[in-house]
Amino acid sequence: MFELHALGIAAAALAQPHNLFLVAFGTFLGLIFGLLPGITSLAAMAILLPFTIGMDPLSGMYLFAGIMGSAPFGGSVTAILFNIPGEPVNAATCFDGYPMTQKGEASKALGISATASALGALFGILVLIALLPSVRAIVFAFGPPEFFMMIMLGLVTVAIAAPGNVIKGLVTAGLGVLISIIGFDPMSGSLRFNLGSPNYLWDGVSLVAFFVGIFAITEVIEYFVQGGTISLTGTRVHTGLKGTFEGAKEVFRNFRVFIQGSVIGTIIGILPGVGGTVANFLAYTVAMQTSKHPERFGKGNPEGVVAAESAVSAKDGGALLPTVAFGIPGSAETALLLGALILHGFNPGPLFIRDNMEIVWALILGLLVSNIIASTIGLLGAEYLTRVTTVNVKYLVPTILVISLIGAYADRENIWDVLLAILSGFLGYGLIRFGFPIITLVIGFVLGKLAERSFLQSLQISLDPWIFFQRPISLVLFLVIVLFIVFPIVRSWMRAYKARERLRG
Amino acid sequence: MKGSLVFNLFMLAIPAYFVWSCFGYAPTARYIPLIVGIPVLVLQVWVIVQERFPSASRAYDVSILDLGGGQGAAPAAEHSKRPADEGRRVIIIGGWLALYFVLFSLVGAYPATLGFILLFLLVSSRTTWRVALAMSIGTSIALWVLFGLIMKYQLYEGALFGGLVPPL
């Protein structure tokens, strides 16, 4: 299956100038689309899809791999510099990346992101190569009950991760789920919670417009209210390559967190339909849960950026596994990739990797080269990007606002999405202003529809609600949820007990 | 305090709407909304009680779960010092956002971008004409190159120039 001649064909094709150009062009597009909030790499792939039909399949794959490999890093740049994730999958990168920027450590954060992205992608690719022969068992072990428990695990971990008032975290998580299920019900077909709008909300609330509002518009409002510069006043902004390479070293200093994030990213990538946003949040949360200093998270802790970014990039390799092995896409990007393969006359499924291994290798090599190019650009360009944070926000507010709202429009070409983004922005501002965590709202929104679908599918399978506790993987996931809830409580009790003992002593 | 109560009541109204609406739908359409909506409703009541009567709710304080960790709503932690005229500033930016939406709907993406950035920089940011013109024209051209030229993407033309407003 892994005969070297397939690798040779793919490598020889990559060595041709026009294919190298396609990878570089894809990488450039991925970076640009990743940088722009609201416009995802998926849009770039969708736009280019028709143009690839006339290409040689290997060339088409190199173009797509270029986009897929670089977009996560592009998205992390705006997450770190402006607290606005360029891609939804970079949302958790904001939590420590942006505080680092405010402390004048933007170049270090970008260095971490570039290195963790490249190494995370490499990790995912290596796992892809290693697991291709045995992936079938992993994918088919996850039925609807397991998916439901996996989603619950994601929700619970994030709700617990929100600091301060956990109750408010749970409220916004639930609210996110409720907002996500607006639109037609997949089982009965009836239109739900549409606020009297029979057309616009039929297909639910647009994820892109909602994210643009919650992240970008909220941040624009905050900039306008606060004034000044993004780097907090009085902070010395470290520019120069030294800070960037210091960031690269941080990945190796936090190697355990990197491996942990990459493993989570790869596993989430393998699971069809879960997506990179979950990988990003889950890796961040697990890093915080297992850290010796959880109190440093959210305040510019490099561990947070390492975990989030390694997971996002590692998930691409993981997501390719079910795509090429069974024709089951692991993410939206791989779903589009699958469409491209079908357009080129391939039949993705178990026979695909036997007969067309050179295509798989082309994707692997393309991802690898794209990550190397993107990270090199990131490491060398961080110095210049960092300077944006010293610009007075009065210049940034109108520009970011316009680019973000056009991004909200461009996704579905619907002007009401612009209004939705604005309203979501005010909701986000209110949440922040009154101490409700946004992280739980976002993750609830991302997972809500998936949760409902897998819950209903599970009940269709057995009609017995106990199905969630009768299947081994589902039960294990449930026990992990319980552990995630109990562990911090026990740890807090232990700390309180030790503090009392010290006072007595 | 008053603003907090108003926002908390708004946060209560959202799950209340979902729970109330549920009863008109088929059973499969209301499982998750009810399973999620009712606890959210109860928890939000708890939040209101906690904030209105802090001493009475202290017995049920759940800060034991506070890991002191990552803040999704990072700005809340970072910008704890709010400006005195915060409310006025929020209203002003709301006005600017509304203006952009109206311009976008009427004259389309590129003219709206050009006009909005120019107006914003002159009126709100009080920059010079030269800077305002350079930034507004530069941003509009950059957007046109990206969407119109490279991606061959037709941005909204505006209702006044034949753009369709989709039904709500």
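The rules behind each value
Residues numbered from 1 in each chain as written. Chains lettered and ligands numbered in written order. Predicted model: local features only at pLDDT ≥ 70, side-chain atom pairs only at ≥ 80, totals over all residues. Helix = DSSP H or I, 4+ residues; strand = E, 2+ residues; numbered from the N terminus. Buried ≥ 20, exposed ≤ 12 C-beta atoms within 10 Å, placed from the backbone. Contact = placed C-beta atoms within 7 Å. Axes fitted to C-alpha atoms, helices over the stretch in contact; angles between N-to-C directions. Left-handed = near helix turned anticlockwise from the far one by under 90°. Nonpolar A, V, L, I, M, F, W, Y, C, P; charged D, E, K, R; others polar. Domains from an automatic or database assignment. Core = buried A, V, L, I, M, F, W, Y, C linked by C-beta atoms within 7 Å. pLDDT = per-residue confidence, 0-100.

## Observations concerning the overall build of chain B
- Looking only at helices and strands, chain B features 7 helices and 0 strands.
- Going from N to C terminus, chain B has its helices and strands arranged as α-α-α-α-α-α-α.
- When burial is assessed residue by residue, chain B has 29% of its 168 residues classed as buried.
- Within chain B, contacts between residues at least 6 apart in sequence are counted, and of these 49% link residues at least 24 apart.

## As for the overall build of chain A
- Scanning chain A for helices and strands turns up 22 helices and 2 strands.
- When burial is assessed residue by residue, chain A has 64% of its 505 residues classed as buried.
- For chain A, the proportion of contacts with a sequence separation of at least 24, taken over those separated by at least 6, is 80%.

## Remarks on the packing of helix α9 (residues 166-180) of chain A against helix α2 (residues 27-52) of chain B
- One can describe the packing of α9(A) onto α2(B) by two numbers: an axis separation of 9 Å at closest approach and a directional angle of 145°. Of the two elements, α9(A) crosses α2(B), and the hand of that crossing is left-handed. Within the contact between the two elements, α9(A) uses A:Ile167, A:Lys168, A:Leu170, A:Val171, A:Gly174, A:Leu175, A:Val177 and A:Leu178 and α2(B) uses B:Pro33, B:Val36, B:Gly37, B:Pro39, B:Val40, B:Leu43, B:Gln44, B:Trp46 and B:Val47.
- Residues belonging to the contact of α9(A) with α2(B) are distributed by class as follows: 13 nonpolar, 3 polar and 1 charged.

## Focus: the domain arrangement of chain B
- Looking at the assigned domains, one finds that chain B contains domain 1 (2-62) and domain 2 (86-161).
- The centre of domain 1 of chain B, based on its C-alpha atoms, is set 38 Å off from the matching centre of domain 2 of chain B.

## Focus on the nonpolar core
- Counting 199 residues, the largest nonpolar core has A:Ala283 and A:Ala362 as the members making the most contacts within it.
- Ranked by residue count, the leading element in this core is helix α4 (residues 57-82) of chain A, at 15 residues.
- Lining this core are residues from two domains, each supplying at least three of them: domain 1 (2-62) and domain 2 (86-161) of chain B.
- Setting aside its immediate chain neighbours within four residues, A:Ala362 contacts A:Ala10, A:Ala13, A:Leu58, A:Met61 and A:Tyr62.

## What to know about the confidence of the model for chain A
- Summarising the model, chain A shows a mean pLDDT of 80, and 86% of its residues fall at 70 or more.
- Mean pLDDT across the elements of chain A bottoms out in helix α7 (residues 135-140) of chain A (64) and peaks in helix α19 (residues 415-433) of chain A (92).

## Quick look at the interface of chain A and chain B
- On the side of chain B, 67 residues touch chain A, which itself brings 78 residues to the contact.
- Broken down by element, the residue count for the side of chain A that touches chain B peaks at 10 residues, all from helix α18 (residues 393-412) of chain A.
- In the side of chain A that touches chain B, the residues fall into 52 nonpolar, 17 polar and 9 charged.

## What to know about the confidence of the model for chain B
All names here are of chain B.
- Mean pLDDT over chain B works out to 82, with 83% of the residues at or above the 70 mark.
- The secondary-structure element of chain B with the lowest mean pLDDT is helix α4 (residues 74-78), recorded at 40, while helix α5 (residues 86-107) shows the highest, at 93.
- Here residues 60-79 is modelled with pLDDT under 50, and outside its nearest four sequence neighbours on either side it reaches 67 contacts, counting other chains as well.
- Model confidence for the complex is summarised by a pTM of 0.73, with the ipTM given as 0.88.

## Notes on the packing of helix α5 (residues 93-102) of chain A against helix α6 (residues 106-131) of chain A
All names here are of chain A.
- Interhelical geometry of α5 versus α6 gives an angle of 145° and a closest axis separation of 7 Å. Between α5 and α6, the residues in contact are Thr 93, Gly 97, Met 100 and Thr 101 and Ala 106, Lys 108, Ala 109 and Ser 113, respectively.
- For the contact of α5 with α6, a count of residues per class yields 3 nonpolar, 4 polar and 1 charged.

## Digging into the environment of A:Pro57
All names here are of chain A.
- Tracing the sequence through the fold places Pro 57 in helix α4.
- Classification of Pro 57 by C-beta neighbours within 10 Å gives partly exposed; the count is 19.
- Taking the C-alpha atoms as reference, Pro 57 lies 9.5 Å from Phe 346; in sequence the two are 289 residues apart.
- When residues no more than four places from it in sequence are discounted, the contact partners of Pro 57 are His 344 and Ile 359.

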